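# Structure assessment
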Amino acid sequence: MLKKASNAKGRSDGLLRAMPLHIWRDFAKAAVPIQLRPKEVLFHAGDKGDSCYLLRSGAVKASVIARDGQERLLAILGSGAMIGELALVDELPRSATVTALRHCKLMHMTKAAFFHLADRNPAIYRQALRLMAKRLRGTNDSVVAQGTVTVAGRVARAFNSLAEGLGDHQANGRIILSQRITQNDIAGMAGVARENASRAINDLLRAGVLGRVQGFYAIENAETLRSMAEI
């Protein structure tokens, strides 16, 4: 595994971002720390949703099994992310399986404990709404992209999303995705056939927008990739 860069960014959309220190302390008191080993499952799609998690360090993937039996990667979540927050507002089962990609440290909080804490600190509700609104906007953008963005643009969107959860930002501007990512993963995130994703990835590699470093994908030109991903 590549060494992490000290200036890694793009992982700060967590629920408790910008919360006062005393709220962090209250959260820590009400939550139970847990750890996951690489490839260990946090929960499966269909499990009862009665709690949420704060990812303190590491990275996880959210995925579902498609009708053809293939795993479809939905998202990569990095440090600072909230996981399973939908369970806080509905009684439905988990919508995806979440699996550790690296050694992870998390804080687990039951629904009852969360609402007890949030009732005493209403700012948590406001931050939770911001987080859910951001994710809803992302979902809306993905739906729009399916009909308006080229295959190359959708692949670019997938790499941008991966950079938020896995990106190690280097001093020279390169962003290394320090996790093994397959073309099937990219195809699933982009909502395109693997063959089409493969062609788009190869075009990006030839154009120098993407690169490979010790077997990992690297974003060499983040500005161009972002431009391609725009709706």
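Residues numbered from 1 in each chain as written. Predicted model: local features only at pLDDT ≥ 70, side-chain atom pairs only at ≥ 80, totals over all residues. Heavy atoms only, no water.

In this section: the packing of helix α4 (residues 151–166) against helix α6 (residues 194–206). Look at α4 against α6: their axes get within 9 Å of each other, and the N-to-C directions meet at 75°. Here α4 is positioned roughly perpendicular relative to α6, judged by the angle of their axes. Across the interface between the two elements, V151, A152, V155 and F159 from α4 touch N196, A197, A200, I201 and L204 from α6. Each residue belonging to the contact of α4 with α6 can be placed in one class, and the counts come to 8 nonpolar, 1 polar and no charged. (Axes fitted to C-alpha atoms, helices over the stretch in contact; angles between N-to-C directions. Helix = DSSP H or I, 4+ residues; strand = E, 2+ residues; numbered from the N terminus. Parallel < 35°, antiparallel > 145°, perpendicular 65-115°, else oblique. Contact = heavy atoms within 4.5 Å. Nonpolar A, V, L, I, M, F, W, Y, C, P; charged D, E, K, R; others polar.)

Two elements in contact, helix α5 (residues 183–190) and α6, have axes separated by 8 Å at closest approach and are oriented at 105°. By the angle between their axes, α5 is roughly perpendicular relative to α6. The segment α5 lies against α6, with Q183, N184, I186 and A187 engaging R194, A197, S198 and I201. Taken together, the residues of the contact of α5 with α6 break down into 4 nonpolar, 3 polar and 1 charged.

Taken over all residues, the pLDDT of the protein has a mean of 84, while the share at 70 or more is 87%. Per-element confidence in the protein ranges from a low mean pLDDT of 73 for helix α3 (residues 123–148) to a high of 97 for strand β2 (residues 41–43). Between residues 1–13, whose pLDDT stays under 50, and residues either more than four places distant or in other chains, the model counts 38 contacts. (pLDDT = per-residue confidence, 0-100.)

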